[in-house]
Amino acid sequence: MTTEADCLEALQEATERLGESPTKAQYEELGLTPASATIIRTCGGWNDAKEMAGLETAYSRGSRVGSKPDEIDLPEGTSWKELSVDQRWHYKNADWNTERSLERRASHRAWANELQRANGGCVRCSETNPVCLDFHHVDEEQKEMAVGKMIAFGYAKDRIRNEIEKCIVLCANCHRKEHYNSLHP
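An unreviewed UniProt entry lists the protein chain under the name HNH endonuclease, from Natrinema pallidum.

Structural data, given as C-alpha cells:
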C-alpha cells in the first residue's frame, strides 16, 4: 500500500530531476511511481501533496492530458483523453507493470512453496517436493478461492495467508484421492 511518505518522496525526486516543482503532466512524463492518481487519492489532491512536500504550487491551467505517445496502441474506439490518469499510466508503463506483476507472482509462489515445506509437506504421505504439493481446503463451504488462483490473480499475502489457514497440505495424489473419496464414500 502506498503511503503519504512514498508520495512525497516521489514528488521530491521529480523536483530534483526537473529542477522545479513538477506539474502533474511533467510528473507523469517521468514515469515515476506511485502514479499521479495515487498521489492525488493518498494526499487529497495534487496541490495538497505538493504543499505537504514543501513544494511550490500553481493554479490549474486547463487540461493536463497531453497527446497520446506514438508507441502506444489503444484498443479500437478508445480515446486517450477519455482514459483516467491511472489508465494512461498503465498504457505508458505496460512492460514495466507486466514485469512487476510476474516478479510479484513468482515471489508469492516461492513464499507459498516454503510454507508447504515448513509444514512438513503432505500430511498423508512423505512427499515434500513443492511441485507436487497442493493446499486442500478442509471445509469447501469456507473456501473463497484456490490458493494457486489467488497467487496468479495477484492477491496480497495477507489474503492468501488467510486462505491457507483454511487448508491442509496434500500431495497431488493424496489430494485427488481425498476428492474422489468425498464424492464416492
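Now that the structure is up, let's keep going.
**Here we look at empty space enclosed by the protein**
Evaluated as defined, the whole model comprises one cavity of 30 Å³ or more. Empty space within the largest cavity amounts to approximately 40 Å³. Lining the largest cavity, in full, are Glu-28, Val-85, Arg-88, Trp-89 and Lys-92. Top contributing element to the lining of the largest cavity by residue count: helix H5 (residues 85-92), with four residues. Of the residues assigned to the lining of the largest cavity, the class counts are two nonpolar, no polar and three charged.

**Concerning the side chain of Thr-38**
Note on placement: Thr-38 falls in helix H3 (residues 36-43). Look at Thr-38 and you get buried, because its relative accessible area is 15%. With residues near it in sequence (within four places) discarded, Thr-38 still touches Thr-2, Cys-7 and Asp-86.

Here is what the cut-offs are and how they apply
- Residues numbered from 1 in each chain as written.
- Predicted model: local features only at pLDDT ≥ 70, side-chain atom pairs only at ≥ 80, totals over all residues.
- Heavy atoms only, no water.
- 1 Å grid on protein atoms, 1.4 Å probe; cavity = no way out; pocket = protein on both sides within 12 Å on 5 of 7 lines; lining within 4 Å.
- Points joined across faces, edges and corners; volume = space filled by probe spheres on them.
- Helix = DSSP H or I, 4+ residues; strand = E, 2+ residues; numbered from the N terminus.
- Nonpolar A, V, L, I, M, F, W, Y, C, P; charged D, E, K, R; others polar.
- Buried < 20%, exposed > 50% of the residue type's maximum accessible area, 1.4 Å probe, protein only.
- Contact = heavy atoms within 4.5 Å.

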